[in-house]
Amino acid sequence: MELDVDGVAERVSTGALPSWDDVEHLVQDAFERNRGVTAGTVADYIPALAVADPALFGVSVAEVNGAVHSAGDVGHAFSIQSISKAFVYALVCEELGHELALERVGVNNTGLAFNSVMAIELNDGHPMNPMVNAGALATTALVPGATADERWAFIQDGLSRFAGRRLGLDTGVYESETATNQRNQAIARLLESYGRITADPVEVVDVYTRQCSLLVTARDLAVMGATLADGGVNPVTGERVVSQHVCRDTLAVMAASGLYEQSGEWLFEIGIPGKSGVAGGLVAIAPGKVGIGTFSPPLDAAGNSVRGQRATAFLSRSLGLNVFASGVHGRPDAQLHDTSTEGQER
Ligand code: GLU
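Nothing here was measured: the structure is a model prediction, and the numbers come from that model.

Draft legend 1. How the structure looks around the site of the ligand. Surrounding the ligand, one finds Tyr 45, Gln 81, Ser 82, Phe 114, Asn 133, Glu 177, Asn 184, Tyr 208, Cys 212, Tyr 260, Gly 277 and Val 278. Side-chain polar atom of Asn 133 to an oxygen atom of the ligand: 3.1 Å apart, as the coordinates give it. Residue Tyr 208 places a side-chain N or O atom 2.7 Å away from an oxygen atom belonging to the ligand. Summarising the interface, the protein chains cover 98% of the accessible area of the ligand, which totals 300 Å² for the free molecule. Taken together, the residues of the shell around the ligand break down into 6 nonpolar, 5 polar and 1 charged.

Draft legend 2. Region of the structure containing the packing of helix α2 (residues 83-96) against helix α11 (residues 244-257). As a packed pair, α2 and α11 sit with axes 9 Å apart at the nearest point and diverge in direction by 140°. Judged on the interaxial angle alone, α11 and α2 are oblique. For the pair α2 and α11, the crossing hand works out as right-handed. Residues Ala 86, Tyr 89, Ala 90, Cys 93 and Glu 94 of α2 form the contact with α11, whose participating residues are Val 246, Asp 249, Thr 250, Val 253 and Met 254. Partitioning the contact of α2 with α11 into residue classes produces 7 nonpolar, 1 polar and 2 charged.

Draft legend 3. Structural context of a nonpolar patch on the surface. Together, Leu 3, Val 5 and Val 8 give the surface a local cluster of nonpolar side chains, amounting to about 290 Å² of exposed area. Here Val 8 lies in the segment before α1 (20-34).

Draft legend 4. Just the sheet that holds strand β6 (residues 281-286), in detail. One open sheet holds the 5 strands; their spatial order is β2-β1-β7-β6-β5, and the pairing between them is antiparallel. Across the chains shown, the open sheet's two edge strands, defined by having one partner strand only, are β2 (68-72) and β5 (274-276). Ignoring strand direction, the axes of neighbouring strands in this sheet form an average angle of 10°. Bridge analysis of β6 against strand β7 (residues 290-295) gives 6 bridges, and the strand direction is antiparallel. Within β7, the position partnered with Ala 286 by the bridge is Val 290.

Draft legend 5. Local environment of the environment of Ala 188. Structurally, the position occupied by Ala 188 is in helix α8 (residues 182-193). For Ala 188, a relative accessible area of 0% corresponds to the buried category. Through-space distance from the C-alpha of Ala 188 to that of Phe 78 is 25 Å; in sequence the pair is 110 residues apart. Setting aside residues up to four positions removed in sequence, Ala 188 forms contacts with Leu 137, Ile 197, Pro 201 and Val 205.

Draft legend 6. The arrangement of unusual backbone geometry in detail. One non-glycine residue with positive phi stands out, namely Asp 124, at about 50°. The residue Asp 124 is located in the loop between α4 (118-122) and α5 (133-141) in this model. Residues other than glycine seldom take positive phi values, yet Tyr 260 does so here, at roughly 55°. Along the polypeptide, Tyr 260 turns up in the loop between α11 and α12 (263-269). Among the residues examined, Tyr 260 registers a relative accessible area of 9% and is labelled buried.

Draft legend 7. Representation of α2. With 14 residues, α2 extends 20 Å between its outermost C-alpha atoms, agreeing within 8% with the 20 Å of an ideal straight helix rising 1.5 Å per residue. Of all 14 residues that make up α2, 11 are buried, and the element is covered over most of its length. Every buried residue of α2 is listed here: Ile 83, Ser 84, Lys 85, Ala 86, Phe 87, Val 88, Tyr 89, Ala 90, Leu 91, Val 92 and Cys 93. Trailing α2 by a residue or two, Gly 97 shows a phi angle of about 90°, which is positive.

Quick notes on the rules
- Residues numbered from 1 in each chain as written.
- Predicted model: local features only at pLDDT ≥ 70, side-chain atom pairs only at ≥ 80, totals over all residues.
- Heavy atoms only, no water.
- Near = heavy atom within 4 Å.
- Polar contact = N/O pair within 3.5 Å; in protein donor to acceptor, adjacent residues only side chain to side chain.
- Areas by Shrake-Rupley, 256 points an atom, 1.4 Å probe, with all protein chains shown as cover.
- Nonpolar A, V, L, I, M, F, W, Y, C, P; charged D, E, K, R; others polar.
- Axes fitted to C-alpha atoms, helices over the stretch in contact; angles between N-to-C directions.
- Helix = DSSP H or I, 4+ residues; strand = E, 2+ residues; numbered from the N terminus.
- Parallel < 35°, antiparallel > 145°, perpendicular 65-115°, else oblique.
- Left-handed = near helix turned anticlockwise from the far one by under 90°.
- Contact = heavy atoms within 4.5 Å.
- Patch = residues over 30% accessible without salt bridge, like charges linked within 9 Å, V, L, I, M, F, W, Y side chains within 5 Å.
- Salt bridge = Lys/Arg side-chain N within 4 Å of Asp/Glu carboxyl O.
- Pairing = 2+ DSSP bridges.
- Buried < 20%, exposed > 50% of the residue type's maximum accessible area, 1.4 Å probe, protein only.
- Expected span 1.5 Å × (residues − 1).

Now the structure itself:
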């Protein structure tokens, strides 16, 4: 794309959240309204995930000022799974820069499942975007380090800085996925055959499987998301994890492809970048405002947490997070009005 924006000063888009009390109540509401929902099924293609308790449910919101609001099982640890893709991508972008990440991994959708082999074939071996497994493996292959252990240390350390605490590995999930991830091994080999990864594909899959097996809580996800909402500074620890530019680029990719094949529907309904994982985690980010972390294992057919999506949709609307929603200049009433009365308002 030729955009001619070099040297143009970039301003940030900001807005105010409701008061601390209001956010606190709305987080409780998001939990209460959805705790009785029983739709969805727990993922079982990784055997260790099949035993998750479908009743677990937690909602956490971390503000960019460091305040954290929580309801439900926000301290329950589960494997981060695909949500790691977004944060590893951010760390790799920080190392590689905008242009190289764009060229090596890409930012466009495949329209196919997250673990599609056909998507690679249809695109001349290009991994397409970092939120599908091909792109995530290509991203992990770009992590700096001379050995798999060094690359793993870089990831564990980086994701821990996003969370503001040391994250550990779920060895049960890691071993279970290692025994059953032949498809990811095939994808890595295919990328190697196209010259898209030069690192050892066996090692790349192993490091990727470890990154997916990192244990997080809904609260961790909220803080990790808030770090991306806060220009790359963890609002709880005050540590800079990545640059503002990297946050912007990572959120753009999450907006385009974070919710599997339902990414368009997610953006249409909820209007903020997000990323989900098959263990039931979901992170969503309102730039300049909050990170939202939810956990509930039952998933819909696309692989997204049912309660997590509902709670996030409620919070996006009630906290005023949708980046596409605007008010009318000069009118103090910041609410969106029903479209049926739209004609009368103007
Ligand atoms: N580790 C999982 C896989 O690669 C992650 C899938 C997901 O959360 O979407 O299959």
